[in-house]
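# Structural description and commentary
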Amino acid sequence: MEQTLSIIKPDAAAKNVIGKIIDRFESNNLRIAALKKLQLSKEDAQKFYDVHKNRPFFRDLVQFMTSGPVVVIVLEGENAVAKNRELMGATNPKEAKKGTIRADFAESIDANAVHGSDSLENAAIEISFFFGKRELI
Ligand code: GDP
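Okay, so let's go over this structure. (Residues numbered from 1 in each chain as written. Predicted model: local features only at pLDDT ≥ 70, side-chain atom pairs only at ≥ 80, totals over all residues. Heavy atoms only, no water.)

## Brief notes about the side chain of Ser 117
Within the fold, Ser 117 resides in the loop between strand 4 (114-116) and helix 7 (120-130). Owing to a relative accessible area of 0%, Ser 117 belongs among the buried residues under this scheme. Reaching out from Ser 117, the side chain makes a polar contact with the side chain of Thr 4 at a distance of 3.4 Å. A polar atom in the side chain of Ser 117 sits 3.1 Å from the backbone nitrogen of Leu 5. (Helix = DSSP H or I, 4+ residues; strand = E, 2+ residues; numbered from the N terminus. Buried < 20%, exposed > 50% of the residue type's maximum accessible area, 1.4 Å probe, protein only. Polar contact = N/O pair within 3.5 Å; in protein donor to acceptor, adjacent residues only side chain to side chain.)

## Structural notes on the site of the ligand
Around the ligand, the surrounding shell consists of Lys 9, His 52, Phe 57, Leu 61, Arg 85, Thr 91, Arg 102, Ile 109, Asp 110 and Asn 112. Contact distances for the ligand include 3.1 Å between an oxygen atom and a side-chain N or O atom of His 52. Within the side chain of Thr 91, an N or O atom sits 2.6 Å from an oxygen atom of the ligand. For the ligand, whose unbound accessible area comes to 550 Å², protein coverage reaches 78%. Tallied by class, the residues present in the shell around the ligand amount to 3 nonpolar, 3 polar and 4 charged. (Near = heavy atom within 4 Å. Areas by Shrake-Rupley, 256 points an atom, 1.4 Å probe, with all protein chains shown as cover. Nonpolar A, V, L, I, M, F, W, Y, C, P; charged D, E, K, R; others polar.)

In structure tokens, the structure reads:
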């Protein structure tokens, strides 16, 4: 059993497809261990994406992630980290495989519908960024 962090980004939340994206997870044997909707502050987004702070797209990324509410979700299941990445599809939706979340719901590399932890180690860090112990069932 693994846990991983998913974020339904502002573009997908604004499009009213939160439920449709959650259905992709549940239909593929991932369970919702914790979930909440919130608005990231600029400081939150900068801290969360700290690994990207020197990348040319960092400002755009922070601006986008704070442009509206997001839904943060802890997904749980067998190989949850890799399974979630597979369901998400490539970072650039134009390169994402047919039937993936990004191919079906995302518009651009900025507005790409979802975030997913890229390793078990980062999943633990990202989960504790958003959730306290008593929220994790
Ligand atoms: P992910 O793990 O597939 O989300 O991709 P990364 O961790 O590499 O990047 C984090 C987020 O930064 C992506 O989901 C994109 O929203 C954004 N991003 C990554 N690469 C680019 C890029 O080349 N240009 C822009 N504008 N945004 C990018």
